[in-house]
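# Reading the structure
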Amino acid sequence: MTHRLAPKDILALGFMTFALFVGAGNIIFPPMVGIQSGEHVWVAALGFLITAVGLPVITVIALARVGGGIDALSSPIGKAAGLLLATVCYLAVGPLFATPRTATVSFEVGIAPITGEGPLPLFIYSVVYFVLVMAISLYPGKLLDTVGHILAPLKIVALTVLGLAALMWPAGGVTPASEAYQYAAFSSGFVNGYLTMDTLGALVFGIVIVNAARSRGVSDNRLLTRYTILAGLIAGMGLTLVYLSLFKLGSGSGALVDQHANGAAILHAYVQQTFGNMGSLFLAALIFVACMVTAVGLTCACAEFFAQCLPLSYRTLVFILGLFSMLVSNLGLSHLIQISIPVLTAIYPPCIVLVVLSFTLSWWHKSSRIIAPTMLVSLLFGIIDATKTTNFKDILPVWGQHLPLADQGLAWLPPSLAMLVLVALYDRLLGRQQVTAHQQ
């Protein structure tokens, strides 16, 4: 007798998935796109929604179909390459970049305006913050209760209030679009959606969502797949609503802040103007809960993954990851972002290729012939894109600077598609030869 989830538990699973995704970046990037895209805001929004909602939801569905883990998804590229990819993904969205960033962003938005910037307030805040993160992460079986039933609804109520305010009390009129958005609103939005890093997050969270359903006694694989897909779709609808309201908030805030202000400044100015000082407290609490939930999800996922590969227990790993993230968060936000952008620019394309091609496995005679070469090409061109974001950009050959779609940050796409066509033809030819050899 297999357990089924009650409708309220399915909803809680969807809320938990949504809450895991909505970290600091998700609240900070849309207002920036809104204010900079001016009259082209909805064209830019469409591009943004494809990469910031579409890709993560597709990733959750892809993982649900293979049973929840990035290791199962990457099986066509072989064990060693799959393990390397998984390790890089987990480290990037875990203790190296994303988890520490949740602490630094929530500090800068909520605490720094009160205490002032400085190493000591940040250090004290990061200690308290990560003690809480570790305390919740020690009980992954209780995630559906702590996050799905308590923290996620809090976060949803707060975001709803913010969204309704943006619709009912816009701060001002729309400012003209900045240069990038006048010429390429769609692709600028598309690449900005990348920056939320939710597709990498989804690769890591897939297993957390599946395990949360398992903790309720669901063992049937078909049901697990169905519940994970439902959770992904609920989260996708929630994300879309949040993003649309934040685009609206940003597009009307041109009168309050400089057009090139960061998302935290735009939000702070809007909330201060609309709700006064109470609003600043409200925003601090919202960002704190948003960041905390994401940090817990990432810590649980990383500890579960590394517990399988290392001779350390889950609990020990929670402490190690929490302490390491705390130390990294004290480097400050600007250092973190500087180091993370090139790494993420390089690993994002092969992850997208892996997710998209996982839906085509039944088309090929041998899927490893298709997926491994296409991912390799996307990685190589991703590394070229990544090099452009660093001080080493001058070492690139001239052709590397002028690739098609390079201005949009999508230089990896044409060569990856070309490789896909070549290996697909090769697979068809070899497949046919094997069939004729059998018949003879």
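Predicted model only: the values in this text are computed from it and were never measured.

### Looking at the overall build of the protein
Scanning the protein for helices and strands turns up 17 helices and zero strands. On C-alpha atoms alone, the protein measures out to a radius of gyration of 22 Å, which is about the 22 Å that the 2.2 N^0.38 rule sets for 440 residues. Projected onto the principal axes, the alpha-carbon positions of the protein cover approximately 80 × 55 × 40 Å. Out of the 440 residues belonging to the protein, those deemed buried represent 55%. Counting contacts in the protein only where the partners sit at least 6 residues apart, residues at least 24 apart contribute 81% of the total. Carbon and sulfur atoms provide 70% of the accessible area of the protein, an area that totals close to 19200 Å². Within the protein, the 15 negative side-chain charges are centred at a point lying 15 Å from the centre of the 19 positive side-chain charges.

### A few points about the nonpolar core
Within the largest apolar cluster, 142 residues are counted, with the highest numbers of intra-cluster contacts made by Leu-13, Tyr-90, Tyr-129 and Leu-200. It is helix 12 (residues 263-309) that contributes the most residues to this core, 22 residues altogether. Beyond its immediate sequence surroundings of up to four residues, Leu-200 is in contact with Cys-89, Val-93, Leu-344, Ile-347, Tyr-348 and Cys-351.

### A look at a nonpolar patch on the surface
On the surface, Leu-120, Phe-123, Ile-124, Val-128 and Leu-132 cluster together into a nonpolar patch covering about 460 Å² of accessible area. Mapped onto the elements, Leu-132 comes out in helix 7 (residues 119-137).

### Notes on helix 7
Between its first and last C-alpha atoms helix 7 spans 26 Å; for 19 residues at 1.5 Å apiece the expected length is 27 Å, and the two agree. The elements touched by buried residues of helix 7 are helix 6 (98-115), helix 12 and helix 13 (314-329).

### A look at empty space enclosed by the protein
Applying the stated criterion across every chain, the model contains one cavity of 30 Å³ or more. Considered as a void within the structure, the largest cavity measures approximately 40 Å³ in volume. If you go around the largest cavity, the residues you meet are Gly-94, Pro-95, Thr-99, Leu-298, Thr-299, Cys-302, Leu-321, Gly-322 and Ser-325. Taken together, the residues that form the lining of the largest cavity break down as four nonpolar, five polar and no charged.

### A short note on the confidence of the model for the protein
Mean pLDDT over the protein works out to 83, with 95% of the residues at or above the 70 mark. Put simply, helix 16 (residues 398-401) is where the protein has its lowest mean pLDDT, 70, and helix 13 is where it has its highest, 93.

### Remarks on the environment of Asn-26
Within the secondary structure, Asn-26 is located in helix 2 (residues 24-37). Separated by 288 residues in sequence, Asn-26 and Tyr-314 have C-alpha atoms that sit 29 Å apart. With sequence-adjacent residues up to four places away left out, Asn-26 is seen in contact with Phe-21, Thr-196, Asp-198, Leu-239, Tyr-243 and Leu-246. Separated by 3.3 Å, the side chain of Asn-26 and the backbone oxygen of Phe-21 make a polar contact. A polar contact is formed between the side chain of Asn-26 and the side chain of Tyr-243, at a distance of 2.8 Å.

### Section: helix 13
Relative to the 22 Å expected for 16 residues at 1.5 Å per residue, helix 13 spans 22 Å between its end C-alpha atoms, a close match to the ideal helical length. Looking at helix 13, one finds that the buried residues are Tyr-314, Leu-317, Val-318, Leu-321, Gly-322, Ser-325, Met-326, Val-328 and Ser-329. Projected down its long axis, helix 13 shows its buried positions confined to an angular sector of 165 degrees, all on one face.

### Observations concerning the layout of surface pockets
The calculated volume of the second largest pocket comes to roughly 340 Å³. Taken together, 15 residues line the second largest pocket, and the ones lying closest to its centre are Ile-156, Thr-160, Gly-238, Leu-241 and Val-242. For the lining of the second largest pocket, the elements supplying multiple residues, two or more each, are helix 1 (7-21), helix 8 (143-168) and helix 11 (221-251). The element that contributes the greatest number of residues to the lining of the second largest pocket is helix 11, accounting for seven residues. Residues that form the lining of the second largest pocket fall into these classes: 11 nonpolar, four polar and no charged.

### Looking at the environment of Phe-319
One can find Phe-319 in helix 13. Judged by relative accessible area, which is 41%, Phe-319 ranks as partly exposed. With 48 residues separating them along the chain, Phe-319 and Val-271 place their C-alpha atoms 36 Å apart. Other than its neighbours up to four places away in sequence, Phe-319 contacts Met-134 and Leu-138.

Each value, and the rule that gives it
Residues numbered from 1 in each chain as written. Predicted model: local features only at pLDDT ≥ 70, side-chain atom pairs only at ≥ 80, totals over all residues. Heavy atoms only, no water. Helix = DSSP H or I, 4+ residues; strand = E, 2+ residues; numbered from the N terminus. Rg over C-alpha atoms; globule rule 2.2 N^0.38 Å. Buried < 20%, exposed > 50% of the residue type's maximum accessible area, 1.4 Å probe, protein only. Contact = heavy atoms within 4.5 Å. Areas by Shrake-Rupley, 256 points an atom, 1.4 Å probe, with all protein chains shown as cover. Lys, Arg positive; Asp, Glu negative; His and termini not counted. Charge placed at Lys NZ, Arg CZ, Asp CG, Glu CD. Core = buried A, V, L, I, M, F, W, Y, C linked by side-chain atoms within 4.5 Å. Patch = residues over 30% accessible without salt bridge, like charges linked within 9 Å, V, L, I, M, F, W, Y side chains within 5 Å. Salt bridge = Lys/Arg side-chain N within 4 Å of Asp/Glu carboxyl O. Expected span 1.5 Å × (residues − 1). 1 Å grid on protein atoms, 1.4 Å probe; cavity = no way out; pocket = protein on both sides within 12 Å on 5 of 7 lines; lining within 4 Å. Points joined across faces, edges and corners; volume = space filled by probe spheres on them. Nonpolar A, V, L, I, M, F, W, Y, C, P; charged D, E, K, R; others polar. pLDDT = per-residue confidence, 0-100. Polar contact = N/O pair within 3.5 Å; in protein donor to acceptor, adjacent residues only side chain to side chain. Arc of directions from axis to C-beta.

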